Every structure is written in C-alpha cells, then in structure tokens.
Amino acid sequence: MREITYRQAVNEALEEEMLRDPNVFLIGEEVAEYNGAYKVSQGLLDKFGPKRVVDTPISEAGFAGLGIGAAMCGLRPVVEFMTFSFSLVAFDQVVNNAPNMLTMSGGQFSVPIVFRGPNGPAHQLGATHSHSTEPLFANFPGLKIAIPGTPRDAKGLLKTAIRDDNPVLVLESELLYNNMGPVEDKDVELLIPLGQGEIKRKGSDVTILCYAQTVRMALAAAETLAAQGVSAEVLDLRSIKPLDLGLILNSVSKTHRCVIAEQDKPFCGIGAELTYQIQRDIFDELDAPVARVSQEEVPMPYNERLEAAVLPSKEKIIQAVYQVCYL
Amino acid sequence: MAEITMPKLSDTMTEGIVVRWHKKKGDVVATGDVLAEVETDKATMEMEAFDDGILKEIYVEEGQKVSVGERIALIGGDHESPSSAPVQKLDALPKRVVPAEKSPARPPKPAEVQQARQTASVEEGYSQAVPRQTEPASQGPSAVRVKASPLARKTAAQMKVDLAKLDGSGPGGRIIQEDVLTAARLTTSVSVGLVPSPGTESELIPLSPMRHVIAQRMVESKTQIPHFYLTVELDVAKLLELRAQANESLAATSGGKLSINDFVLKACVECLQRVPQLNSSFSEKGILRFTHVHLGFAVSLEEGLITPILRNAGQKTLRQLSAEAREMTERARTRKLKPEEYQGGTFTVSNLGASGIDNFQAIINPPQAGILAVGSVVKKPVVIAGDQIVVGQRLSVTLCCDHRVVDGAVGARFLQEFRRLIENPTLMLL
C-alpha cells in the first residue's frame, strides 16, 4: 500500500467528497487563498472555485452558525476551525444549535455538518491554544466525535463524517499532519464507519486504550514492552462517540488489565468515562484498577520542557503498564 | 479476644462433655497448653489452646454437655474485658501477613522487569510462593478483610481457593489472579514444593492417565479411609499337597493347573460370604452391603496395575475361578479388558508372593472396605505338637480394613475363617 501523510489523507477525503457531492463545501479561516493554515486544503480552491472553498473573517461563531444554517437548508458544509481551541469562541453554535436542532424541530431539520480541524496540544502553543476539546463536546448528546490517529483513519473517518446526516466533529491533530502511513489507493473508496475502534496491535497482558496523538505513543510503548516480555494490546478508539464499547470490553476481558492513554486533562476526561463503563460492565474481569495516562492538571506551559512534562508520553504509558501488571 | 468453642473431635461427634478444666479463670494460657479434657462419643481427649492470653471466662462447668460449636471459654489479652457481643470464632480470623521482602510499589526498571519475568516463567509450578499457613489471629475483626482484585475473587471462587489463606503479591498485599493460580497449582500437586526443578539431576516423567488415576485414588484412600491391618501366618502344607495331587490329575485330563493364588481367591470368596461385613462399602448415608461377591485381583502392568473382577464369584467353583482368573490376567496384560471387567469390585486380593514378598500391607481400593495382601509361601522352622521343631510351609496374609465399616473383631473373624479353609483346603472343594 502507498504511504501518504495525514495532511494529504484529509485533503484527499475533502477532494473526493466534494467531487462526489456538489452540496459539499469547505468554509473557514485561510482555507482558500492560503490553502489552509496547515495546507490541508491545498489545491481545493483551484479545483472547486471560491463558491465551494470559502475564506472567512476571524469570526468562528459567525461561520459556524452560517454552516449550521446551510446544513439545515440541505447543503453539506465542512467547517474548518484553524484549531479547536478557537472552536470555543463558537461553542454555543457547536453544542447548542448543531446537535439540538433535529430534536427541537421535531425532526424537521437535520444538520449534516462536519466541524473539523486540529485539536489538542501541538508544539509550544501555550495555554490558550493547546486545548484538547474532546471531553467538552463528548458531554453533549447529538454530537458524533471521530478522532483519527493515522492517515488512513483520518481519510476514512472524514469521508464517512461528511456523508453522515448528523453533526460530526472530526478532531485532527497538528502534530500528526506530517505523519506518514499506509492508505488505500485513490481509486479505492475508503469509508471507515463511525463508532468502530481498531486493534492496532494484538497483545495478551494489558490493553492500552488510545486515540489521536496517543496512538503512536501507545504503539511505541508496546514495542518497548514487548522487548521486556510484556505483551500489550493497543486499541485505537477512532471514535469517541459513538464509542466501540464492545471492542474495549472484549479486549480488557482478555487481558484483565487496562491503561487508558488520553490526550486531554484528567478531570472528567475521556478516560474517566471509559473507566466507569469498564468497571460497570466487566468488574470481575479486572485484575488491577484501570490506570490513566493523561495531561497533568495544569494550564499548558509554554516552556518546552515543562510542556513535555505535562503531556502524556510513551514513558508514562510504560510506567502505567508496569503498575497494572504489578511489575 | 478469642472465643473457644466445643471442637468437633470426631466425624460422628455432635456434642461433648467438658470432663475437667485444666485451667481456671484468670490463668495465663499459652498456645499448646491443655485447657480441658473433653469426652466425645468415642474417647476423652485433651483440648489445647490455640492462642496466648488470659482465660477470661469459663462458660461451661465440669460435667456439662455442650453441642459442637457452642462457646465454652474466652481467652483475651491483659486489659480486655469480656463483651456481651458475639465474638469472632478463633479459627475464623486469618492474619494478613505481607512478606517483608515485598517493598511497596516502586518504579521498576526495564532490566529488572525483564529479569523478574524470566525468573517467573522458569519457576512456574515450582514457585516458592507457597500458600501461607493460616495462623490464628491475635488482632481484632478488622484483620479479616481480604484485599483481592475482582478477577482474583472470581478465579478463587471458580477454583475453590480460599483467599484468606493467600498472601497477595500486589500493592498493599492485594491478591491478584496469579496468586490464586499459583495456590491452585500447589494444592493440586501436593509435594511440588519439595521437588527440585527438572534438570541435570532428575528427569520429569509425565503422568500417564493410569498413573494419574492411581495417584488420585490412593491419596483419596489413604487420607480418607482409616486403615487397620491384621496379619496371620497360615500353614499351607496340606494345601500344597492337595494342589500337587489336583494338578497331577488335571494334567492327565489336560485341564489348566491350579495356582496357590487360585486357592487364596476361592478361600477369600468363601470368607466374604461368611463375613459379609467386609463385602461392603462406606457412604455418608450408611454402609452398603453387597449381596454378591465381585472379587478383584491385582495384576501388575508395565505402567501401573489393574484389578480384573471375578464377577459373582460366590457361584463359581475353584476350577472356574482359576480358569477365569488366568484368562483375565492374560487379557489384562495385553490391555484387552473392557471397563466393566475391571470396575465394580466389592473386595480385592493383592498377591506379591510371586515377587518374593513375605508380607505386606495394601491400600484399600475405594469404595471397597477391605483388601487382602498375600505374601509368598516360605519354608521355615515351626513348632508342632509335642514342642517339636520341624520344617513347615507358611503363608503370611494381611487383611487391611476400613475401620469405618468394620472393627478388629470382624476382621479377625474373617481371618479365622480364612485360616480354616486354607489349612483344611478340601473344605473348599465341597
């Protein structure tokens, strides 16, 4: 299989879906003339013109609301946030209007919209621009959340998200845009269903749950652990909502130990919900308390070393595995 | 504070009488001290203290009859006073001991982890982590709480392992699944802790199915059946003479030869009919007495032994038994017996005479109630009438009995009958 970057995978997903369906359009800051702040929309303006690749002013609440209105009128907007830290400015649109419209209109208006863009900490962006927003949005019924960690998942999930009739957040990652990975050729229709996790590496001693940025950390940790005789299974959630609970429970029932590697803050984080659901359903399968590796509970420091200390890492995951394996 | 209750000192005991107190209220008591004498349905026994302390209370006077489990005394520490609240039973309070060498959680280094993993896999099945003996506790009820992972609890319930008897290897002494599995392995392989690991000085021979069954049943028998043994030496001069005559005439008619063991089998069948108490089986509900004699006889094989059954042996003549035993022995050695031909015996004869064994004791084949162990015929000086010493022919046999089913006198009666027949062998031909 050919190898492409996460950036190109997202670009291909947008291009393919815009070619397939004329109702699909991209809107956001710098998406057109500048070809995207992270060059994700490279070439799309040239190909589809300014009506379908639309630059906006710095006005997240405005263009997010515009997108929701367009979706209600039958279009399929893809709204790009330059970073999901900026989506907080449009929080009301994303969590109030998009997910509630269908039920509050008595089923009259569906909102087939995609909000996408980089989410989570990048490199030295400081406290206000490093947010991992997934637990915020996960708390609102009506929103689906895809959170790809590899180029293949990024392409397959975004394409499925665009075709979904509900609001879907596709949370990408600036730190992953340059990552290479195998992806099917362009002539192969790659659709990855929402709500389907994937075992990225098989193992028998411990399950490491991960997503987005922590996938590669978990895989690297599993590699190191394997050399030490510890067999770790790496399970990529890929979607946070819907959650592939069956896959998680099967894996943890097999390994009896679980480490959750998440890129958000610990309090009320994704791992808190996962831990609850695991112990609720398979308490008797656990041979150790579920361990979580997340960011530290502090505003993100700008200082490079402090930032590294706050973030989850391969080393922290390995320590957590030792802990649950009683090593 | 530990409450002493009336112990169950025999299987059948339901109540006991405190015959005499050896300690009085206020006495200092040390573990192992005799507290009192207790009379059961069978005997008077001494009852020892399981803990140190002071005899705080005596609830039962000498001569008083008490049900098993009822409290009879209280042992406490120096400053404790007896409480009216029910006190935990002494032997129900396991003390949690975290081994000293297990330090609390510390970040392991990869190299150490690897080493630990390797050692663990090498020592699997031979681990030193033997289940801890339950010790009577001296501290309060809070000590009863057992820390175990949910999976360890589930596994322990499935494998019937008592978590209270284990030391946890997890943080803070938490019992994890591995601890339960290790304990289960150790209890199923009784002496494994003493066996050196296979290597240069020994070789591990896997258990054949037959070996496995023998091991299992013999342990069951020796641990559950109270054996007792009665040995007699029999004069077989007449028997040898009769056998010689019989074989001479049989040779003429080309019938098979009679062995000494054939006579032993025949005599045994006769005795089991006359003393049917030994043709029985113990069960919790009662003693099963069989109406027919299905006599088993042990045949040694390369990988173990098997006991073909002479069915309805009471209805068979000496010659029939002889022919059947010979034919079955042959098929046993070639492994051609059907299950029903070696299962369902009511008594067994084991003869090591051919191997030159003078006399031995056998282990009862459960659920039977007895086994007759037969030695070899030996020439020896014997004293006959008129205090003369002559050369005699002697056969030594040992009757091994299940004391739950029969007592010594019954066993003796069996052997008296047996002697009468063996020493007057023509009776067997009637």
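The model shown is predicted, which means the values in this text are computed figures rather than measured ones.

A. Broad picture of the sheet that holds strand β14 (residues 291-293) of chain A. All names here are of chain A. Reading across the sheet, the five strands line up as β9-β11-β10-β13-β14 and stay open at both edges, with mixed pairing between neighbours. Taken across any chain shown, the strands that pair with only one partner, and hence form the sheet edges, are β9 (198-201) and β14. For this sheet, the mean inter-axis angle between neighbouring strands, taken without regard to orientation, is 25°. For strand β13 (residues 258-261) and β14, the ladder comprises three bridges, and the chain directions are parallel. Across the sheet, the residue bridging to isoleucine 260 is arginine 292, located in β14. Taken strand by strand, helix α10 (residues 270-282) contacts β10 (206-210), β13 and β14, and its axis lies near 160° from that of β13.

B. Examining the confidence of the model for chain B more closely. All names here are of chain B. Here chain B averages 80 in pLDDT, and 80% of its residues register 70 or above. Every residue in residues 81-109 scores below 50 in pLDDT, and together they form 43 contacts with partners more than four places removed in sequence or on other chains. Counted against residues more than four places away or in other chains, residues 116-142, with its pLDDT under 50, gives 34 contacts.

C. Expanded view of the pairing of strand β10 (residues 280-283) of chain B. Residues and elements named next belong to chain B. With burial as the criterion, only one face of β10 is covered, namely that bearing Ser280 and Phe282; the residues Ser281 and Ser283 on the opposite face remain uncovered. As judged from the four bridges shared by β10 and strand β11 (residues 286-289), these two strands associate in the antiparallel manner. Counterpart to serine 280 in the pairing with β11 is arginine 289. The antiparallel pairing of β10 with β11 creates a hairpin that spans two residues between the two strands.

D. View of the environment of alanine 325 of chain B. All names here are of chain B. In this structure, alanine 325 sits in helix α7 (residues 318-333). Sequence-wise, alanine 325 and asparagine 261 are 64 residues apart; in three dimensions their C-alpha atoms are separated by 9.5 Å. Residues within four places of alanine 325 in sequence aside, it is in contact with Asp262, Leu265, Phe297 and Leu310.

E. Broad picture of the sheet that holds strand β5 (residues 44-48) of chain B. All names here are of chain B. If you walk across this open sheet you meet the four strands as β5-β4-β2-β7, and the pairing is antiparallel. Each edge of the sheet is formed by a strand with only one pairing partner; in this case those strands are β5 and β7 (65-67). Strand-to-strand twist of the sheet, defined as the mean angle between neighbouring strand axes without regard to direction, takes the value 40°. With four bridges connecting them, strand β2 (residues 15-21) and strand β4 (residues 34-39) associate as antiparallel partners. Within the sheet, the bridge partner assigned to isoleucine 17 lies in β4 and is glutamate 39.

F. Main features of the nonpolar core. Ile208, Ala218, Val259, Ile317 and Val321 of chain A are the most contacted members of the largest nonpolar core, which totals 111 residues. Counting residues per element, this core draws most heavily on helix α8 (residues 213-227) of chain A, at seven residues. Inspection of this core shows a minimum of three residues originating in each of domain 1 (3-182) and domain 2 (198-324) of chain A. Among the nonpolar cores identified, the runner-up in size contains 50 residues, and Val349, Ala362, Leu415 and Phe418 of chain B belong to it.

Conventions used here
Residues numbered from 1 in each chain as written. Chains lettered and ligands numbered in written order. Predicted model: local features only at pLDDT ≥ 70, side-chain atom pairs only at ≥ 80, totals over all residues. Pairing = 2+ DSSP bridges. Helix = DSSP H or I, 4+ residues; strand = E, 2+ residues; numbered from the N terminus. Axes fitted to C-alpha atoms, helices over the stretch in contact; angles between N-to-C directions. Contact = placed C-beta atoms within 7 Å. pLDDT = per-residue confidence, 0-100. Buried ≥ 20, exposed ≤ 12 C-beta atoms within 10 Å, placed from the backbone. Core = buried A, V, L, I, M, F, W, Y, C linked by C-beta atoms within 7 Å. Domains from an automatic or database assignment.

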